[in-house]
Amino acid sequence: MSCELTPTVLHGYLDGELDAARAADFERHLISCSECVTALETQEKLRSLLQRAALYERAPLALRQAVQAQLGAPARSSVTPIRNLPTWRWLAMAATFLLAVLLGWRLLPLVRGNHGETTLASAIVDAHLRSLQPGHLEDVQSTDQHTVKPWFDGKLDFAPPVHDFVDEGFPLQGGRLDVVHGRTVAVLVYARRKHLINVFVWPTSEPDSEPVSGSQLGYHWVDWRKSGMELCAVSDVSPDDLANLHHLLVQ
Amino acid sequence: MDVLDSQDRARFEQLILPHLDAAFNLSRWLMRGRADAEDVAQEALLRALRFFRGFHGGDARAWLLQIVRNTCYTWLEKNGSLDLSTEFDEELHPQPSVSPETLAIAGDNRERLTRALEELPVRFREVLILRELEGCSYKEIAAITSVPIGTVMSALARARQRLHLVLTRSTAPHQQEAAHEL
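Residues numbered from 1 in each chain as written. Chains lettered and ligands numbered in written order. Predicted model: local features only at pLDDT ≥ 70, side-chain atom pairs only at ≥ 80, totals over all residues.

Undergrad: Could you give an account of the overall build of chain A, naming the residues involved and the relevant values?
TA: Per the secondary structure count, chain A includes eight helices and seven strands. Across the 251 residues that make up chain A, the buried fraction comes to 29%. Taking as baseline every contact in chain A between residues at least 6 positions apart, the subset at least 24 positions apart corresponds to 51%. (Helix = DSSP H or I, 4+ residues; strand = E, 2+ residues; numbered from the N terminus. Buried ≥ 20, exposed ≤ 12 C-beta atoms within 10 Å, placed from the backbone. Contact = placed C-beta atoms within 7 Å.)

Undergrad: Outline the overall build of chain B, supporting the account with residue identities and numerical values.
TA: What chain B contains, in helices and strands, is ten helices and zero strands. Walking chain B from its N terminus toward its C terminus, one meets helices and strands in the order α-α-α-α-α-α-α-α-α-α. Of the contacts made within chain B by residues no fewer than 6 positions apart, 72% connect residues no fewer than 24 positions apart.

Undergrad: Please provide a residue-by-residue account of the interface of chain A and chain B, values included.
TA: Taken together, the 43 residues of chain A in the interface contact 47 residues of chain B. Looking at the side of chain A that touches chain B element by element, the count peaks at ten residues for helix α3 (residues 34-52) of chain A. Residues that form the side of chain A that touches chain B fall into these classes: 22 nonpolar, nine polar and twelve charged. (Nonpolar A, V, L, I, M, F, W, Y, C, P; charged D, E, K, R; others polar.)

Undergrad: Tell me about unusual backbone geometry, and please be specific about residues and values.
TA: One non-glycine residue with positive phi stands out, namely A:Ala54, at about 50 degrees. Residue class for A:Ala54 comes out exposed when judged on the 10 C-beta atoms lying within 10 Å of it. The phi torsion at B:Ser146 lies on the positive side, around 55 degrees, for a residue other than glycine. Here B:Ser146 lies in the loop between α8 (138-145) and α9 (149-171).

Undergrad: Could you give an account of the confidence of the model for chain B, with specific residues and numbers?
TA: Residues and elements named next belong to chain B. Counting all residues, the mean pLDDT for chain B is 82, and 77% of those residues have values of 70 or more. Mean pLDDT values for the elements of chain B range from 43 in helix α10 (residues 173-181) up to 95 in helix α2 (residues 20-31). Note on residues 172-182: pLDDT under 50 across the span, and 15 contacts to partners over four residues away in sequence or across chains. Among the scores for the predicted complex, ipTM is 0.82 and pTM is 0.58. (pLDDT = per-residue confidence, 0-100.)

Undergrad: Please provide a residue-by-residue account of the environment of B:Trp63, values included.
TA: Residue and element names in this part refer to chain B. Structurally, the position occupied by Trp63 is in helix α4 (residues 60-78). Remark: the alpha-carbon pair of Trp63 and Glu140, spanning 77 residues in sequence, is separated by 9.4 Å. Not counting chain neighbours up to four residues away, the residues in contact with Trp63 comprise Phe55 and Gly58.

Undergrad: Describe the packing of helix α4 (residues 61-72) of chain A against helix α3 (residues 34-51) of chain B, with residues and values.
TA: α3(B) packs onto α4(A) with a crossing angle of 25 degrees between their chain directions and a minimal axis gap of 10 Å. Between α4(A) and α3(B), the crossing angle belongs to the class labelled roughly parallel. The hand of the α4(A)/α3(B) crossing is right-handed. On α3(B), the residues that touch A:Leu63, A:Ala66, A:Val67, A:Gln70 and A:Leu71 of α4(A) are B:Glu38, B:Ala41, B:Gln42, B:Leu45, B:Leu46 and B:Leu49. Looking at side-chain class alone, the contact of α4(A) with α3(B) contains eight nonpolar, two polar and one charged residues. (Axes fitted to C-alpha atoms, helices over the stretch in contact; angles between N-to-C directions. Parallel < 35°, antiparallel > 145°, perpendicular 65-115°, else oblique. Left-handed = near helix turned anticlockwise from the far one by under 90°.)

Undergrad: Break down the environment of A:Phe26 for me, citing the residues and quoting the values.
TA: Residue and element names in this part refer to chain A. With respect to the secondary-structure elements, Phe26 resides in helix α2 (residues 20-32). Taking the C-alpha atoms as reference points, Phe26 and Leu10, separated by 16 residues in sequence, lie 7.7 Å from one another. Residue contacts for Phe26: discarding those within four places in its chain leaves Val9, Tyr13 and Leu18.

Undergrad: I'd like a description of the nonpolar core, backed by residues and values.
TA: Of all hydrophobic cores here, the largest spans 94 residues; its most connected members are A:Ile124, A:Phe200, A:Ala233, B:Ala23 and B:Ala41. The element contributing the most residues to this core is α9(B), with nine residues. In contact with A:Ala233, other than residues within four places in its own chain, are A:Ile197, A:Val199, A:Trp221, A:Val222, A:Leu242, A:Leu245 and A:His246. Core analysis: the next-biggest nonpolar cluster, separate from the first, contains five residues, A:Leu10, A:Leu14, A:Cys36 and A:Ala39 among them. (Core = buried A, V, L, I, M, F, W, Y, C linked by C-beta atoms within 7 Å.)

Undergrad: Could you give an account of the sheet that holds strand β7 (residues 229-235) of chain A, naming the residues involved and the relevant values?
TA: Residue and element names in this part refer to chain A. Across the sheet, which stays open at both edges, the seven strands sit in the order β1-β2-β3-β4-β7-β6-β5 with antiparallel pairing between neighbours. On the outer flanks of this sheet lie β1 (140-141) and β5 (209-216), each paired with one strand and no other. Of the pairings in the sheet, the one linking strand β2 (residues 172-180) to strand β3 (residues 183-192) comprises eight bridges and is antiparallel in character. For Val179, the partnering residue across the bridge sits in β3 and is Thr184. Each of β1, β2 and β3 is contacted by helix α7 (residues 145-152), which is oriented at about 20 degrees to β2, the strand it contacts most. Together, β3, β4 (195-203), β5, β6 (219-226) and β7 form the strand contacts of helix α8 (residues 239-250), whose direction differs from that of β6 by roughly 20 degrees. (Pairing = 2+ DSSP bridges.)

Undergrad: If you had to explain the confidence of the model for chain A to someone new, which residues and values would you point to?
TA: With 79% of its residues at a pLDDT of at least 70, chain A reaches an overall mean of 79. Of the regions scoring below 50 in pLDDT, residues 74-86 of chain A engages in 20 contacts with residues more than four places distant in sequence or in other chains.

Undergrad: Go over the pairing of β7(A), please, and point to the residues and values.
TA: Remark: a regular strand shows side chains that alternate across the two faces of the sheet. Residue and element names in this part refer to chain A. Of all seven residues in β7, six are buried, a share of seventy percent or more. With seven bridges connecting them, β4 and β7 associate as antiparallel partners. Among the inter-strand pairings, Phe200 is bridged to a residue of β7, identified as Cys232. Hairpin connection from β6 to β7: two residues lie between these consecutive antiparallel strands, with Ser227 at a positive phi of about 50 degrees.

Undergrad: Go over the packing of α2(B) against helix α7 (residues 122-133) of chain B with me, naming the residues and quoting the values.
TA: Residues and elements named next belong to chain B. With their axes 10 Å apart at the nearest point, α2 and α7 run at an angle of 150 degrees to one another. One finds that α2 runs roughly antiparallel with respect to α7. Like other packed secondary-structure pairs, α2 and α7 cross with a definite hand, here right-handed. Between α2, through Asn25, Leu26, Trp29 and Leu30, and α7, the contact on the second element is made entirely by Val122, Arg125, Glu126, Ile129 and Leu133.

Spelled out as structure tokens, the structure:
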């Protein structure tokens, strides 16, 4: 080992944390130091291993519900550990949820207008949350639009528009079928940095519309109609990111 | 204690809840067990709710993750599983001469990577998780872990080297010994 350079410089470079002058210095150093070239390659490899291994663990639904309940109720001074909740309370919670879903479905048809939009948004945010549970995200996992598109054929009576926007920072992750308000819909899954975006697609006979957006439980959504399809994108990414994906999808 | 009014709650829901995944992920990697991680993350969110009046804008994710981290450390300390004494004065060794290819084979397995990460001291694990999984900048990591940026940089360099050693040790013991002798 002959290189005298402080290792933190290499890591700073790897992480994009050096200022332009120091980054340029390091790049000049790389020309003459094969040791640092190998070390940098090794670190890049390590990083890609970590990122490819899907180590990120999302909050379980039970935690989200517990936090939501805490937010709704007056804040208490102690925590009830969620895993210790008696079974009947889970059952009660599940029954309440089911009742709410049934009521929502029976009483409020899938129509536009403020009320309809809010229930539709709830149903879609719920579907988004469900999809984040392990194993529920994609039925067809592929970053190739030519794999995802044919997968929908024969499963649906419409053809959802499938495009990959990897160059624009929204790589396609796959697709699945889901049920929203009793209707089978197509879902396209996109990634945005560490976050996931579900785009729900179903046919509509309504005319094209401008995007309508909102947020619920900390998730943002944007909904629009174009060429006989209604699309609703939902995610925890920023509303700006969602707006960008909307622009890409309507192009 | 102050009870938040509905406006505060709406703000909390908008600013803090989108980072619930980040909170859980950090807690999961600091606590190791999933069940503990859920309890700790829930307690941290409750603390965040309680202290929310003291949050005056800025980086909501860093603010929440700082609370999560402190909550985790409190639990670890209570259970006697927090050991901070050893690692920071350790000298940073030069990179061992294991090729990127060897590393690729060694680390191409989620389970093995998970075990290797869990084997790291918590101070190293947290900077790696924040940097590689959460995508935090050095500045954000410094804010979350309450240490100077210089310390973040050296912790990260050491953490990566450690992880690298742990991974290659399990597949290439001879090479690793050789690396030590250099």
